[in-house]
Amino acid sequence: MPEEIVNSAAHFRKDFIGVTPPKGIFIHICGTDLIRDRDGNYLVLEDNARCPSGASYVLENRRAMKRALPRMYQSCGVQSVSDYGVMLRDTLLHAAPAHAARPSSSSC
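Everything quoted here is computed from the prediction, not taken from an experiment.

Rules used throughout
- Residues numbered from 1 in each chain as written.
- Predicted model: local features only at pLDDT ≥ 70, side-chain atom pairs only at ≥ 80, totals over all residues.
- Heavy atoms only, no water.
- Helix = DSSP H or I, 4+ residues; strand = E, 2+ residues; numbered from the N terminus.
- Rg over C-alpha atoms; globule rule 2.2 N^0.38 Å.
- Buried < 20%, exposed > 50% of the residue type's maximum accessible area, 1.4 Å probe, protein only.
- Contact = heavy atoms within 4.5 Å.
- Areas by Shrake-Rupley, 256 points an atom, 1.4 Å probe, with all protein chains shown as cover.
- Lys, Arg positive; Asp, Glu negative; His and termini not counted.
- Charge placed at Lys NZ, Arg CZ, Asp CG, Glu CD.
- pLDDT = per-residue confidence, 0-100.
- Salt bridge = Lys/Arg side-chain N within 4 Å of Asp/Glu carboxyl O.
- Pairing = 2+ DSSP bridges.
- Patch = residues over 30% accessible without salt bridge, like charges linked within 9 Å, V, L, I, M, F, W, Y side chains within 5 Å.

**Brief notes about the overall build of the chain**
Inference 1: Per the secondary structure count, the chain includes 4 helices and 2 strands.
Inference 2: Traced from its N-terminal end to its C-terminal end, the chain shows the element sequence α-β-β-α-α-α.
Inference 3: Here the C-alpha atoms of the chain give a radius of gyration of 19 Å, more than 25% beyond the 13 Å that 2.2 N^0.38 yields for 108 residues.
Inference 4: Taken along its principal axes, the extent of the C-alpha atoms in the chain is 50 × 45 × 20 Å.
Inference 5: Classification of the 108 residues of the chain by burial places 5% in the buried group.
Inference 6: Sequence-distant contacts in the chain: of pairs separated by 6 or more residues, those separated by 24 or more amount to 22%.
Inference 7: Put simply, the chain shows about 9,500 Å² of open surface, and 56% of that area lies on carbon and sulfur atoms.
Inference 8: Taking the average place of the 13 positive charges on the side chains of the chain and the average place of its 11 negative ones, the gap between the two points comes to 11 Å.

Have a look at this one:
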């Protein structure tokens, strides 16, 4: 990516160059939309790092596919996402300040 695109981005802050966030976690959750082009190459269509919204779609689509087409779903070897909520909670708790007994946006 050309440097001038990064430097001219509305949310780019030079002050953060070289800063390492707490526990080294730069992004806790990211909703990256991938597409495949005519040649079969994967491309990033959209990167929702600030406000990912697609996780609920994945969870519900998996549930619907299991109900509607159970044999096809099983034969495709689809990886389970049933532990997504637990993994997200654990990630956020890991990133919470050590002094927060019950971490939330109001206590951090």
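**Digging into the confidence of the model for the chain**
Inference 1: Per-residue pLDDT for the chain has a mean of 85; in total, 93% of the residues score no lower than 70.
Inference 2: Averaged pLDDT values over the elements of the chain bottom out at 85 in helix 4 (residues 84-95) and peak at 92 in helix 1 (residues 3-8).

**Concerning the environment of Ser-53**
Inference 1: Looking at the element boundaries, Ser-53 is found in the loop between strand 2 (42-48) and helix 2 (55-68).
Inference 2: Once the C-alpha coordinates of Ser-53 and Arg-67 are considered, the two residues, 14 residues apart in sequence, prove to be 23 Å apart.

**Examining the pattern of salt bridges**
Inference 1: Considering all chains together, one arrives at 2 salt bridges under this definition.
Inference 2: For the salt bridge of Glu-60 with Arg-63, the shortest nitrogen-to-oxygen distance reads 3.1 Å. Linking Glu-60 with Arg-63, this pair stays in helix 2, spanning 3 residues, or about one helical turn.
Inference 3: According to the relative accessible area criterion, Glu-60 is partly exposed, its value standing at 42%.

**Section: the pairing of strand 2**
Inference 1: For strand 2, the buried fraction is low: 0 of the 7 residues fall into the buried class.
Inference 2: Linking two consecutive strands that pair antiparallel, namely strand 1 (residues 31-36) and strand 2, is a turn of 5 residues; a positive phi of about 90 degrees is found at Gly-40 within it.

**Considerations on the pairing of strand 1**
Inference 1: Bridging between strand 1 and strand 2 involves 6 bridges; their strand directions are antiparallel. For Asp-33, the partnering residue across the bridge sits in strand 2 and is Glu-46.

**Remarks on a nonpolar patch on the surface**
Inference 1: Residues Met-1, Ile-5 and Val-6 make up a contiguous nonpolar surface patch of about 330 Å² in total accessible area.
Inference 2: Along the chain, Val-6 falls in helix 1.
Inference 3: By relative accessible area, Val-6 is classed as partly exposed at 33%.

**Here we look at the environment of Tyr-42**
Inference 1: Note on placement: Tyr-42 falls in strand 2.
Inference 2: Dropping the residues within four chain positions of it, Tyr-42 is found in contact with Ile-35 and Arg-36.

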